[in-house]
Amino acid sequence: MIKKLKLRLTLAIQTVLTLLIAGIILLINMFSVRSNEMQGSALLSIAAENNGVPFTAGLSQPPDKQESDEMRAARLYYARVNESGQTLQTGGADGTDAVPENLAQALKAALAQPDAMGRTGAYRYLKMPKDYGQLVVFLDTSAVRAIEQRLLLTSVLVGAVSLVALGALTLLLASLMVRPVDEAFKKQKRFIADASHELKTPLSVITLNVDLLRRDGLDNQYLSGIQAETARMTHQ
């Protein structure tokens, strides 16, 4: 009984700890993804307003727009498209004209979408109307996704190690918690055993006296009742 109680207590505590750690891991990763999404949207908006670059040349980054390590790993590109859909110019936010080979396919997919902001493949995009047609700004989030995946893997590994360590601590705490119950149960068993031993002598005397009375010819329902009850108490 004590072992079952200890096991149930350990499982209950471990279940609560598992749910708590899982919730913390979920919140951390959700916050990271949400933060990256918000920073990416802000970066795309600023770049679109500045014709494809995140900040005007010569100006430092505003204090309220500080980027995370994930956003620093991202890459910005732009494409200027006329009203007929022809590409006028492409380039990177760093001032170079070099763009990834798959940017043309991403541009085609973005132009086909009705929404001004969206996602196509590894790119997030923002379309903004301009005098010449429209400017499409792309944010390559492949590096951001890789960092988010590493964060998820790391947090899961840390959570698993924490669960193992907390499991050992939980087992120890469960043992300490059930120890008073175990001691009380053992005392109860000893009391019952001692009481049973102490009752055996008077019950034996009563049984012997009943047998002697019956040998002397005295036999009635009262003696039968006494003998039956003493026999029942002796075999319990």
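Residues numbered from 1 in each chain as written. Predicted model: local features only at pLDDT ≥ 70, side-chain atom pairs only at ≥ 80, totals over all residues. Heavy atoms only, no water.

Overview of the sheet that holds strand S3 (residues 117-120)
Overall, antiparallel pairing links the five strands, which are arranged S2-S1-S5-S4-S3 in an open sheet. Lying at the two open borders of the sheet, with one neighbouring strand each, are strand S2 (87-92) and S3. With strand direction ignored, the average angle separating the axes of adjacent strands in the sheet is 20°. Judged from the four bridges that link them, S3 and strand S4 (residues 123-130) form a sheet pairing that is antiparallel. Paired with Arg119 across the two strands is Arg124, which belongs to S4. Contacts from helix H3 (residues 103-112) reach strand S1 (75-82), S2, S3, S4 and strand S5 (133-140), with the element oriented near 125° to S5. (Pairing = 2+ DSSP bridges. Helix = DSSP H or I, 4+ residues; strand = E, 2+ residues; numbered from the N terminus. Axes fitted to C-alpha atoms, helices over the stretch in contact; angles between N-to-C directions. Contact = heavy atoms within 4.5 Å.)

A closer look at a nonpolar patch on the surface
Side chains of Leu169, Leu172, Leu173, Leu176 and Met177 sit close together on the surface and give an oily, nonpolar patch of about 460 Å² of accessible area. Along the chain, Leu169 falls in helix H4 (residues 142-215). (Patch = residues over 30% accessible without salt bridge, like charges linked within 9 Å, V, L, I, M, F, W, Y side chains within 5 Å. Areas by Shrake-Rupley, 256 points an atom, 1.4 Å probe, with all protein chains shown as cover. Salt bridge = Lys/Arg side-chain N within 4 Å of Asp/Glu carboxyl O.)

Re the pairing of S3
Here S3 shows one buried face, formed by Gly118 and Thr120, and one open face, formed by Met117 and Arg119. Between S3 and the antiparallel strand that follows it, S4, lie two residues; Gly121 among them carries a positive phi value of about 65°. (Buried < 20%, exposed > 50% of the residue type's maximum accessible area, 1.4 Å probe, protein only.)

Brief notes about the packing of aromatic side chains
Counted by the stated rule, this structure contains one aromatic pair. Their ring planes at 75° and their centres at 5.9 Å tell us that Tyr123 and Phe138 sit as a pair that is edge-to-face. With a gap of 15 residues between them, Tyr123 in strand S4 and Phe138 in strand S5 connect regions that are remote in the sequence. (Phe/Tyr/Trp six-rings, centres within 6.5 Å; stacked < 30°, edge-to-face > 60°.)

Thoughts on the environment of Lys130
If you trace the backbone, Lys130 turns up in strand S4. Taking the relative accessible area as the measure of exposure, Lys130 reaches 21% and is therefore partly exposed. Put simply, Lys130 and Arg80 are 50 residues apart on the chain and 8.9 Å apart in space, counted from C-alpha to C-alpha. One polar contact links the side chain of Lys130 to the main-chain carbonyl oxygen of Ala48, over a distance of 3.2 Å. (Polar contact = N/O pair within 3.5 Å; in protein donor to acceptor, adjacent residues only side chain to side chain.)

Side note on the pattern of salt bridges
The full count for this structure, using the stated rule, is two salt bridges. For the salt bridge of Glu37 with Arg119, the shortest nitrogen-to-oxygen distance reads 2.9 Å. Remark: Arg119 occurs in strand S3 and Glu37 occurs in helix H1 (residues 2-49); sequence separation between them is 82 residues. Using a relative accessible area of 27% as the deciding quantity, one classes Glu37 as partly exposed. Judged by its relative accessible area of 36%, Arg119 is partly exposed. Note that Glu37 and Arg124 form a salt bridge whose closest N and O atoms lie 3.4 Å from each other. Of this pair, Glu37 sits in helix H1 while Arg124 is found in strand S4, placing the two residues 87 residues apart along the sequence. It is possible to trace a salt-bridge network through shared partners that takes in Glu37, Arg119 and Arg124.

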